[in-house]
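Summary of the model geometry
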Amino acid sequence: MTGRVLVVDHPLVQHKLSLMRRDNTTTQLFRTLLREVSSFLAYEATRDLPVIAERVKTPLAEMEGVQIEGKKVVIAPVLRAGLGMLDGFLDLIPAARVGHVGMYRDEETLEPVEYYFKMPGGMTERDVMVVDPMLATGNTAAAAVGRILLEAPRSIRLICLLAAPEGIENFHAQFPQVDIVTAAIDDHLNDKGYIVPGLGDAGDRMFGTC
Ligand code: URA
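Regarding the layout of surface pockets
Reported here for the largest pocket is a volume of approximately 560 Å³. Along the walls of the largest pocket sit 27 residues, with Ala 81, Arg 105, Asp 132, Thr 140 and Asp 201 positioned nearest its centre. Going through the elements one at a time, strand S4 (74-79), strand S6 (100-105), strand S9 (134-135), helix H4 (139-149), strand S10 (155-163) and helix H6 (202-207) are the ones with two or more residues in the lining of the largest pocket. Tallied by class, residues from the lining of the largest pocket come to 15 nonpolar, seven polar and five charged. What the second largest pocket holds in volume is close to 310 Å³. For the second largest pocket, the lining is made up of 15 residues, of which Leu 49, Ile 68, Lys 72, Val 73 and Ile 93 are closest to its centre. Elements represented by at least two residues in the lining of the second largest pocket include exactly helix H2 (27-45) and strand S3 (62-68). When its residues are assigned to classes, the lining of the second largest pocket shows ten nonpolar, three polar and two charged.

Put into structure tokens, the structure is as follows:
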């Protein structure tokens, strides 16, 4: 079984993503654009959330409305770059819970190292959106998803801004059941593990640490 990848090719997303890629885009603008694009990604990533019917009384009549079913969604940014996507998700899902996964990529081995993990209670009844802007080797995302799956959430999906084909393949080889939502699939990874053409180091660009 191969996993599903949804590329959100909406013109607004692609326009904003191209602005983010420019090497002269300021930190402030990069952060703003990431937040905006993340909202569009959140919109698509939540498309298949289960809903339940509810009776609604409008000022004019009664009707059959809907509510998202179950406990509050969990947004799980992978620290630190995932934090840049959090507010865009919260703009659309303000009541969501937030779980944090602290992972950094060892620059030598490119392997993920966990240093922090905190999720809300009741995970078995929750749908989790793991957010990390760059799906490069796929190792960090796979480690984060693997760790969260130990909490047995009702569902889990991975949302990133950019993905490398190598990262998608590696991730889905380990978790074929986990859907990926991304704004673009780029050409390749370079020998330092950067996505090409990409946009550089997403964490550095959003926090101004370049
Ligand atoms: N992480 C980044 O921030 N950028 C890349 O291109 C790859 C991993």
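From this point, the narrative continues.
Focus: helix H1 (residues 11-21)
Turning to H1, its buried residues number three or more, namely Val 13, Lys 16, Leu 17, Leu 19 and Met 20. Seen end-on, H1 carries its buried residues on one side only, within an arc spanning 155 degrees. Away from its buried face by more than 90 degrees, H1 exposes Pro 11 and His 15. Buried residues along H1 sit against H2, S10, strand S11 (180-185) and H6.

Concerning the site of the ligand
In the vicinity of the ligand, the residues found are Arg 105, Met 134, Ala 136, Gly 193, Tyr 194, Ile 195, Gly 200, Asp 201 and Ala 202. The contact in question runs from an oxygen atom of the ligand to an N or O atom on the backbone of Ile 195, over 2.8 Å. At 2.7 Å, a backbone N or O of Ala 202 approaches an oxygen atom of the ligand. Across the complex, the protein chains shield 90% of the 240 Å² of accessible surface that the ligand would expose by itself. The pocket occupied by the ligand, as judged from atoms lying within 2 Å of grid points, is the largest pocket. When the residues that make up the shell around the ligand are grouped by side-chain class, the tally is five nonpolar, two polar and two charged.

Regarding the side chain of Thr 182
Inspection of the secondary structure assignment puts Thr 182 in strand S11. Within the structure, Thr 182 has its side chain in polar contact with the backbone oxygen of Ala 184 (distance 3.1 Å). If we skip the residues at most four places from it in the chain, Thr 182 touches Val 5, Leu 6, Val 7, Val 8, Leu 41, Cys 160, Leu 161, Leu 162 and Ala 163.

Thoughts on the pattern of salt bridges
Counted under the stated rule, the structure contains 14 salt bridges. The closest approach of N and O atoms between Glu 44 and Arg 47, which form a salt bridge, is 2.9 Å. Here Arg 47 falls in the exposed class, since its relative accessible area comes to 57%. Taking the shortest distance from any N to any O, the salt bridge between Glu 64 and Arg 55 comes out at 3.0 Å. In this structure, a network of salt bridges that share partners links the residues Arg 35, Asp 87 and Asp 91.

About the thresholds
Residues numbered from 1 in each chain as written. Predicted model: local features only at pLDDT ≥ 70, side-chain atom pairs only at ≥ 80, totals over all residues. Heavy atoms only, no water. 1 Å grid on protein atoms, 1.4 Å probe; cavity = no way out; pocket = protein on both sides within 12 Å on 5 of 7 lines; lining within 4 Å. Points joined across faces, edges and corners; volume = space filled by probe spheres on them. Helix = DSSP H or I, 4+ residues; strand = E, 2+ residues; numbered from the N terminus. Nonpolar A, V, L, I, M, F, W, Y, C, P; charged D, E, K, R; others polar. Buried < 20%, exposed > 50% of the residue type's maximum accessible area, 1.4 Å probe, protein only. Arc of directions from axis to C-beta. Contact = heavy atoms within 4.5 Å. Near = heavy atom within 4 Å. Polar contact = N/O pair within 3.5 Å; in protein donor to acceptor, adjacent residues only side chain to side chain. Areas by Shrake-Rupley, 256 points an atom, 1.4 Å probe, with all protein chains shown as cover. Sits in = over half its atoms within 2 Å of the grid points. Salt bridge = Lys/Arg side-chain N within 4 Å of Asp/Glu carboxyl O.

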